[in-house]
Structure formats: C-alpha cells, structure tokens
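Examining the three-dimensional arrangement
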Amino acid sequence: YDVVFLGDDLIEAMNGTELSRPIKTKDGNGDQIKQSWQATFTHDGGATIDGLALGIAGDTTSNLLWRLGWNGREMQHELDSKVWWLSIGGNDLSKNGCSEEAVVLGILRAAKEVHFINPHRIVVIQGILPRSNRTDGSVGPSPDYWLPVAEKKPESPEYHVEKA
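All values derive from a computational prediction rather than experimental measurement.

Inspection of the entire model under this criterion finds 4 aromatic pairs. Ring centres of F5 and W37 lie 5.4 Å apart, and the angle between their planes is 75°; on these two criteria the pair is classed as edge-to-face. Remark: W37 occurs in helix 2 (residues 31-41) and F5 occurs in strand 1 (residues 3-7); sequence separation between them is 32 residues. Linked through ring pairs, F5, W37, F41 and W85 together constitute an aromatic cluster.

Written out as structure tokens, the structure is:
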C-alpha cells in the first residue's frame, strides 16, 4: 500500500462502517463514503494512490498502542507502506476525559512504534478534529458559560467553582 491509515471511527468510516456495521446516514447509508474512499484511495476504484483504512470506532491512543504491539509489528512488515497516517486521540479527549498532555504522549508513542518498524517511511500525525457529544453537534463552551455563577444551571460543567 502507498498509505495505511491507523486510527478511530474517522478512519473506520472510510470503509463505510462504524463498529463493523454499515454507517446509517440521513440520505441512506455509508455507501457514498465507501465509494468516495475507493475512488480516492484504491487502484480498483481508479485512484493513483492505494490506501488501506485500519480504524476502529471508539478507539483511543492506548487501544492503538496495544494493537501496534500485539502482532502490529508483523502487520507493519507485511504491509510495507510508504506512508503511515495516524488519526487518533479524539476519543481520549471527548469520551475518556484524558488530559491533553496524556493524549499527546499517546499519539507520539504510537508514531514512535510505527517509525521503529518503518524507519525509512513517512509517519503523518493528523491533528485532532473538533468533536461534540452534544445532541445539536455544537462545540465550545456551554451556552451559559458567560453567565455569572449564580445564574448557571447546576448540570453545567462551569457551575462548580472552587471557593477560596
């Protein structure tokens, strides 16, 4: 392969799946995503670049590190990709509440694992894309972020203020 993508649900989605099931979208299913991937990253689809998407929805940096260590070295030798693309860390921040420092360390460790087996290959670390667990998909501070503490809703993360 010219490029192997390693990561979480964003990478798995390139195959048109989430948790190994077809993605359900507003306009039907994930076939359009899969077709776009194939046209862009597979020789069979007419692309000049041949890619492989190895992602698992919900994955974290520790999950990826485990996979890279457990038969991951054999996989990397067999695939012999020119470029290894890492897209991981979003779930660590959004779902697991990990610190930014811990996530960066996990991403860098994954990059080192890949580079150790493939020292003459390119390792790309993709920046973490914004995510939201809110039903409306918004990101950023909660709507009552700028209100004085006395006016904030108790369920707001900014409600709890330490008193000196």
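So, next bit.
Glancing now at the sheet that holds strand 8 (residues 122-125). Read across the sheet, 4 strands follow the order 6-1-7-8 without closing on themselves; strand pairing throughout is parallel. Strands at the two margins of the open sheet, each flanked by one partner only, are strand 6 (51-55) and strand 8. Going from strand to strand, the sheet's axes swing by 15° on average, the running direction of each strand aside. Contacts between helix 6 (residues 100-117) and the sheet are confined to strand 1, strand 7 (83-87) and strand 8, with strand 8 contributing the most and set at about 165° to the helix.

Under the criterion given, the structure shown has 4 salt bridges. Across the salt bridge formed by K82 and D2, the nearest N and O atoms sit 3.0 Å from each other. With K82 in the loop between helix 4 (72-79) and strand 7 and D2 in the segment before strand 1, the pair connects residues that are 80 residues apart, well separated along the chain. Given the relative accessible area of 49%, K82 is considered partly exposed. A salt bridge links D80 to R121; the nearest nitrogen and oxygen atoms lie 2.9 Å apart. Placement of the pair is D80 in the loop between helix 4 and strand 7 and R121 in the loop between helix 6 and strand 8, with a sequence separation of 41 residues. Of the residues examined, D80 reaches a relative accessible area of 42% and is grouped as partly exposed. Residue class for R121 comes out partly exposed when judged on its relative accessible area of 30%.

Reading the values: the criteria
- Residues numbered from 1 in each chain as written.
- Predicted model: local features only at pLDDT ≥ 70, side-chain atom pairs only at ≥ 80, totals over all residues.
- Heavy atoms only, no water.
- Phe/Tyr/Trp six-rings, centres within 6.5 Å; stacked < 30°, edge-to-face > 60°.
- Helix = DSSP H or I, 4+ residues; strand = E, 2+ residues; numbered from the N terminus.
- Pairing = 2+ DSSP bridges.
- Axes fitted to C-alpha atoms, helices over the stretch in contact; angles between N-to-C directions.
- Contact = heavy atoms within 4.5 Å.
- Salt bridge = Lys/Arg side-chain N within 4 Å of Asp/Glu carboxyl O.
- Buried < 20%, exposed > 50% of the residue type's maximum accessible area, 1.4 Å probe, protein only.

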